[in-house]
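Chain by chain, the residues run as shown.
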Amino acid sequence: QVQLVESGGGLVQAGDSLRLSCAASGRTFSTLGMGWFRQAPGKAREFVATISWNSIGTWYTDSVKGRFTISRDNAKNTMYLQMDSLKPEDTAVYYCAIGRGLSGSRREGDYAYWGQGTQVTVSS
């Protein structure tokens, strides 16, 4: 049974940092791309960041470039999202996902497995 569990969300003030983790179990995903998406109230789920299977390729949505860093530890079957200089606009439920291929993707349809999400709230 495949399971993805996000953790590390919480309530912080603008300018603070959070580190999200996504722990996968049930199988090894070391040869697949992974990604982070987020969904704010009343908004569609949007792409945040993605990383290839070997961590060589990483991509970010423009609004988080320079502030967020995606990484993974294949030995631990875990992915991370380091979020610095958080803004109120970053408030959302953050979801991790495992892709269908080696490289990452910004499209939801390219992901096969999804976590339950973790809430990130950034106050002004």
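Residues numbered from 1 in each chain as written. Predicted model: local features only at pLDDT ≥ 70, side-chain atom pairs only at ≥ 80, totals over all residues. Heavy atoms only, no water.

When you look at empty space enclosed by the protein in this model, what are you seeing that I'm missing?
Which parts of space are left empty comes out when a probe the size of a water molecule is rolled across the atoms. If you walk through the whole model with that rule in mind, you get one cavity of 30 Å³ or more. Taken together, A24, F29, M34, R72, D73, N74, N77 and T78 make up the full set of residues lining the largest cavity. (1 Å grid on protein atoms, 1.4 Å probe; cavity = no way out; pocket = protein on both sides within 12 Å on 5 of 7 lines; lining within 4 Å. Points joined across faces, edges and corners; volume = space filled by probe spheres on them.)

I'm lost on the pattern of salt bridges in this one. Help?
If charged atoms from side chains of opposite charge come close, those side chains can pair. On inspection of all chains with the given rule, the structure shows six salt bridges. The closest approach of N and O atoms between R107 and D110, which form a salt bridge, is 3.3 Å. Taking the relative accessible area as the measure of exposure, R107 reaches 55% and is therefore exposed. Salt bridges linked by common partners bring R38, E46, R67 and D90 together as one network. (Salt bridge = Lys/Arg side-chain N within 4 Å of Asp/Glu carboxyl O. Buried < 20%, exposed > 50% of the residue type's maximum accessible area, 1.4 Å probe, protein only.)

Would you explain the nonpolar core in this entry?
Soluble globular proteins: nonpolar side chains tend toward being buried together. Residues W36, F68, L81, M83 and Y94 are the most contacted members of the largest nonpolar core, which totals 27 residues. Only β3 (18-25), β4 (34-39), β5 (46-51), β7 (68-73), β8 (78-83), β9 (92-99) and β11 (118-123) provide two or more residues apiece to this core. Other than its neighbours up to four places away in sequence, L81 contacts L18, R19, L20, W36, V48, A49, F68, T69, I70 and Y94. (Core = buried A, V, L, I, M, F, W, Y, C linked by side-chain atoms within 4.5 Å. Helix = DSSP H or I, 4+ residues; strand = E, 2+ residues; numbered from the N terminus. Contact = heavy atoms within 4.5 Å.)

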